[in-house]
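Here is what each chain is made of, one letter per residue.
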Amino acid sequence: MNQHAEAAAPLLELVGVGRTYGSGRRTTTALSGVDLAVRPGRSVGIVGESGAGKSTLLRLLLALDRPTQGQVLYRGEPLAHRDRAAVRRFRRDVQIVFQDPRSSLDPRMTVGSVVAEPLRSLRVPGDRRARVTEVLGWVGLEPDAADRYPAQFSGGQRQRIAIARALAPSPSVLVGDEPVSALDVSVREQVLDLLRRLRTELGLTLVLVSHDIAVVGQLCEETVVLHDGRVVEQAPTPQLLTHPQHPYTQRLLAAVPHLPAP
Ligand SMILES: Nc1ncnc2c1ncn2[C@@H]1O[C@H](COP(=O)(O)OP(=O)(O)OP(=O)(O)O)[C@@H](O)[C@H]1O
Ligand SMILES: [Mg+2]
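Residues numbered from 1 in each chain as written. Chains lettered and ligands numbered in written order. Predicted model: local features only at pLDDT ≥ 70, side-chain atom pairs only at ≥ 80, totals over all residues.

Participant: Explain the sheet that holds strand E6 (residues 94-97) to me, please; I cannot follow it from the model alone.
Facilitator: Paired through backbone hydrogen bonds, the strands of a sheet run either parallel or antiparallel to each other. Read from one edge to the other, the open sheet built from six strands follows the order E6-E7-E8-E3-E9-E10, with strand pairing classed as mixed. Both edges of this open sheet fall to E6 and strand E10 (230-236), since each of them pairs with a single strand only. The average angle at which neighbouring strand axes cross in this sheet is 15°, direction not considered. Pairing of strand E9 (residues 222-227) with E10 involves six bridges; the strand directions are antiparallel. Residue pairing for E10: His-227 is matched across the bridge by Arg-230. The strands that helix H2 (residues 54-61) touches are strand E3 (43-47), strand E7 (173-177), strand E8 (205-210) and E9; relative to E7, the one it contacts most, it runs at about 155°. (Pairing = 2+ DSSP bridges. Helix = DSSP H or I, 4+ residues; strand = E, 2+ residues; numbered from the N terminus. Axes fitted to C-alpha atoms, helices over the stretch in contact; angles between N-to-C directions. Contact = placed C-beta atoms within 7 Å.)

Participant: What should I look at first to understand the site of ligand 1 in this one?
Facilitator: Inspection of the region around ligand 1 gives Tyr-21, Thr-28, Ala-30, Gly-48, Ser-50, Gly-51, Ala-52, Gly-53, Lys-54, Ser-55, Thr-56 and His-211 as its neighbouring residues. Of all elements in the fold, only strand E2 (28-38) and H2 reach the threshold of two or more residues within the shell around ligand 1. A per-element tally of the shell around ligand 1 places H2 first, with three residues. (Near = placed C-beta within 6 Å.)

Participant: Would you mind showing me how to read helix H8 (residues 185-202) here?
Facilitator: Because each turn of an α-helix spans 3.6 residues, side chains separated by three or four positions in sequence point in the same direction. Counted at 1.5 Å a residue, the expected span for H8 with its 18 residues is 26 Å, and the 26 Å between its end C-alpha atoms agrees. Taken residue by residue, H8 has Arg-188, Val-191, Leu-195 and Leu-198 as its buried positions. Projected onto a plane normal to the axis of H8, the buried residues spread over an arc of 95° and lie on a single side. Facing away from the buried side of H8 by over 90 degrees, the exposed positions are Ser-186, Asp-193, Thr-200 and Glu-201. On its buried side, H8 packs onto helix H6 (128-138), helix H7 (155-167) and helix H9 (213-219). The positive-phi residue at the C-terminal boundary of H8 is Gly-203, with phi of around 65°. (Expected span 1.5 Å × (residues − 1). Buried ≥ 20, exposed ≤ 12 C-beta atoms within 10 Å, placed from the backbone. Arc of directions from axis to C-beta.)

Participant: Explain the packing of helix H5 (residues 111-121) against H7 here, please?
Facilitator: The packing of two helices is summarised by the inter-axis angle and the distance between the axes. Relative orientation of the contacting elements H5 and H7 amounts to 35°, with a least axis distance of 7 Å. In this structure, the crossing between H5 and H7 has a hand that is right-handed. Each of Val-111, Val-114, Val-115, Glu-117 and Pro-118 in H5 lies in contact with H7, whose residues at this interface are Ile-161, Ala-164 and Arg-165. Taken together, the residues of the contact of H5 with H7 break down into six nonpolar, no polar and two charged. (Left-handed = near helix turned anticlockwise from the far one by under 90°. Nonpolar A, V, L, I, M, F, W, Y, C, P; charged D, E, K, R; others polar.)

Rendered as structure tokens:
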């Protein structure tokens, strides 16, 4: 192991993780034998086709679900669900942006309330209105956006609002589940640029799930390829894009019409 890898203990870690659904003959193995370390300040992309287990993996990382084998560690420890203060720290530290801002933003709430919601529910101290203005600014929205409703914004702007909400409680880790898949191609690039800039400026740790290896290629230093619930390849992204080792990765890459230069 090199010095760099030794220096940073993982923020989130999956150790021999498996998740099966159902029982007996109807058992589905969604994930099997997955090892994954997410180190502070790094960006990890998870790619794979539909049914590969991407959402299952994210749900385990976010502690929305528990593994049937192995362990999920947060800052080196399993999350003790009975320790409510620890769970609240975790919920604040690991935030998610979902695929579709149409369904993830409550249409009856003003943008200001939407963005302030995690501050309320996680009991984050401080001036909420000021914090909302600040994070709206980070994603390129004016302060008066807070008084309007999600429906008054375009798809790209709504996804910016979802990103502002995720950043409001100052998380260390931002998790994206297909965060640009529902957007038009032109808007997609802008939101990817925004995520890249925020990651650098805020020193965020990023975990990004996408069926699109090109999206992960633009944003993530390291890429994990999931196939049938198993990690078939894991490598620095430039290396994976230019020298894919596993036939499945090679197939995924062949399906991409044009790839950005790594
Ligand atoms: N609650 C559940 N009950 C039973 N099987 C499930 C459940 N959730 C997921 N699965 C199965 O686990 C496997 C992995 O599903 P998962 O949703 O993690 O895939 P995915 O990679 O996110 O796919 P997609 O790209 O379509 O979102 C699939 O075979 C799926 O049918
Ligand atoms: Mg999914």
